[in-house]
Amino acid sequence: MVMMMSEFDVPLFHFSRGEFVEAEYRDPLLEDYRNNPLLEALPPIWDDKTVVRRLASKPIFHESERELPVHLRLHCVQRISRDFFRPLSRHLELQQSISRLIRDGYVGRNPLTPNYAFRARRDAYELIMQGNTNGYPVNTPTSAGFALVGISGIGKSSSLLRILQMYPQVILHRKYKGQDMPAPYQIVWLKMDCPHDGSIRGLCLNFLLAVDSLVGTKYYKKNVTKSPDELLPLMAQAAAVHCLGVLVIDEIQNLQEAKDDRAAQMLNFFVQLVNTIGLPVVLVGTYKALPALNGEFRNARRNSGQGDATWHHFKKDEEWDWLLQGLWKYQWTDKKVELDQEFIDVMYDESQGISDIAIKLFMLTQWRALDKEIEHITPELIRSVARDRFTLIRPALEALRSGKKKQIQKFADIYDSVSIDDYLERIEAEQRQAERLEVIRSELGYDVTEQTVSELSAWLIDAGINQDIASDAAREVTKIHLHELDKIDIHKEALRLALQKSSGPKSNLTQPRSSTKKPKTMPTEPNDLRLIVTQGKKKKMTAYDSLKAAGYIKSPVEFLG
């Protein structure tokens, strides 16, 4: 027993390749989260608007890139797959579930409770071995977890990972309120795939290897020869010692390939993790995983209150339009085409509302247009690409297109057997979806006009322009240059107009080109020293202080050795 415990004595700063942050403790604003360093070291609880901003991702795009040679534009199109992410209501709901789940799991696991470190090392091992769930230092293991199940290609894994990455993966604790921390490393989340053969031994070894890579331990090397029955309690012990916040197991449908009763054994182990150390577990998979998720894990996760998440393919509604509106900007063909109802219909028909297929189809169509020297994409070109390139998935898409249950049932990855309760939950979810979409629209802008006005106005205010003037200038410039936003420096134009409005004269931007009246010459570049000084004077700052605040004057202390 002594040797086993020594395996879990973790040295500080012996990281192999894991990334960590130093703990910064903040008031969590809720009483039940206070005085627990694991909770106070987490980021703040975000509202939906903040989540939208943090999740949204836009590929680099410049109108001038349409003039590049074809072989370069082919690479530009690849940015869509790598960098495009449009937040939707389901992403906000999933983030909220993860946020609650992690924090709820830590409520009963405070490392400052008496003998926590010793009992975390010993009890997790012994209780798992004995199947005994009494006496472990978890106050009330309320957190259980949930299952995220949905159609293949709908973005479950990528969306979940993007949400998890909003949290630091490893937090290093030194002292909390002057007290040494018995558990220096806090692993907030760990995401891993279920082995292809549903092997328990493979899962445990992958887990130990992942922990080693994060905190520099040698669990894998010391335990690689052990049996599954020996590895399961070691996995639980490592999770307890390193204060794991949530364990995410992806591709859980692979349990269908497990031999004998291994699937039931693994799911039972996840339940024991919940009951012994209060570790939330999230299982992710396609509809094929549903049979494996029945039974004990389903009963256990009901207690969490989070509710399972089922991601169906999109309906042809406002959210589908919203997704395409964001995607449609990124066209590197010779000419850009506007998104209209015909494009919306053909994209839905050829992808059946599966976002991953829609994005790939949009990219493949551009590649073909560029390769064949076609000026722009067309509905006919989209259908041609889908017919040629989606050969393997066409039967599944045809089944979805038919709407016939018997045909859809042949494809376990896309089939969902819906109960009455599930149907009622879906109706309620659709109502929440409409509410969340309004939040997303207000934050990112429903259309190009509103989004541009919002961004320009915020930028001008940050530059020191009066709020009313900034708003007027942003709206006026956007209206004038709406159809050439990618061709001009819109920020420069907005700043020039805002400065004109600030100094008194009316804008000359709306004057006919034949007008001979010249406006007063004003600096327009944001980093122009004259502009910086001018804006500083409005704030009653000296020229020296203005330039120092802008970073142009350094403190002499910086140059001292």
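Look a little higher up for the structure.
Rules of the game
- Numbering of residues starts from 1 in every chain and runs along the sequence as written.
- This being a predicted model, a pLDDT of at least 70 is required before a residue's local features are given, and a value of 80 or more before pairs of side-chain atoms are given or counted; all residues contribute to the totals for chains, interfaces and linings.
- The side-chain quantities take in all heavy atoms of the structure and omit both hydrogens and water.
- Salt bridge criterion: a side-chain nitrogen from Lys or Arg within 4 Å of a carboxyl oxygen from Asp or Glu.
- In this text, helices come from DSSP runs of H or I with a minimum length of four residues, and strands from runs of E with a minimum of two, each type numbered from the N-terminal end.
- Type-normalised accessible area, obtained with a 1.4 Å probe on protein chains alone, sets the label of each residue: buried when under 20%, exposed when over 50%, and partly exposed for intermediate values.
- Each axis is a line fitted through C-alpha atoms, and for a helix only the stretch in contact is used; angles between axes span 0 to 180 degrees, taken between their N-to-C directions.
- We call two directions roughly parallel when the angle between them is under 35 degrees, roughly antiparallel when it is over 145, roughly perpendicular when it lies between 65 and 115, and oblique otherwise.
- It only takes one pair of heavy atoms within 4.5 Å for two residues to be counted as in contact.
- In this classification, the charged set is Asp, Glu, Lys and Arg, the nonpolar set is Ala, Val, Leu, Ile, Met, Phe, Trp, Tyr, Cys and Pro, and all remaining amino acids, among them Gly, are polar.
- Whether two strands pair comes down to DSSP finding at least two bridges between them.

Visitor: I'm lost on the pattern of salt bridges in this one. Help?
Guide: Working definition: two side chains of opposite charge can pair if their charged atoms are close together. In this structure the tally under the stated criterion is 19 salt bridges. The closest approach of N and O atoms between Asp349 and Arg383, which form a salt bridge, is 3.0 Å. In this pair, Asp349 sits in helix H16 (residues 341-351) while Arg383 sits in helix H18 (residues 379-389), placing the two residues 34 residues apart along the sequence. Given a relative accessible area of 34%, Arg383 falls into the partly exposed group.

Visitor: Looking at this structure, how should I read the packing of helix H17 (residues 355-371) against H18?
Guide: A pair of packed helices is characterised by two quantities: the angle between their axes and the separation of those axes. Orientation of H17 relative to H18, taken along the N-to-C sense of each, is 105°, at an axis distance of 9 Å. Taken together, the axes of H17 and H18 lie roughly perpendicular to each other. Here H17 contributes Leu361, Leu364, Thr365, Arg368 and Ala369 to the contact with H18, which in turn contributes Leu381, Ile382, Ser384, Val385, Ala386, Asp388 and Arg389. Of the residues contributing to the contact of H17 with H18, the split by class is seven nonpolar, two polar and three charged.

Visitor: Got a minute to help me understand the sheet that holds strand E8 (residues 246-250) in this structure?
Guide: Neighbouring strands of a sheet are bound in pairs by backbone hydrogen bonds; such pairs are parallel or else antiparallel. Spatially, the five strands line up as an open sheet ordered E7-E8-E9-E2-E10, and their pairing is parallel. Of all the strands in the sheet, the pair left with one neighbour each is strand E7 (189-193) and strand E10 (309-311). Ignoring which end each strand starts from, the neighbouring axes of this sheet average 15° apart. Of the pairings in the sheet, the one linking strand E2 (residues 145-150) to strand E9 (residues 281-285) comprises five bridges and is parallel in character. Residue pairing across strands places Leu148 opposite Val284, the latter belonging to E9. In this fold helix H8 (residues 156-164) packs onto E2, E7, E8, E9 and E10, with an angle of close to 160° to the strand it touches most, E7. Helix H9 (residues 200-215) rests against E7 and E8 of the sheet, and its axis sits at about 140° to E7.

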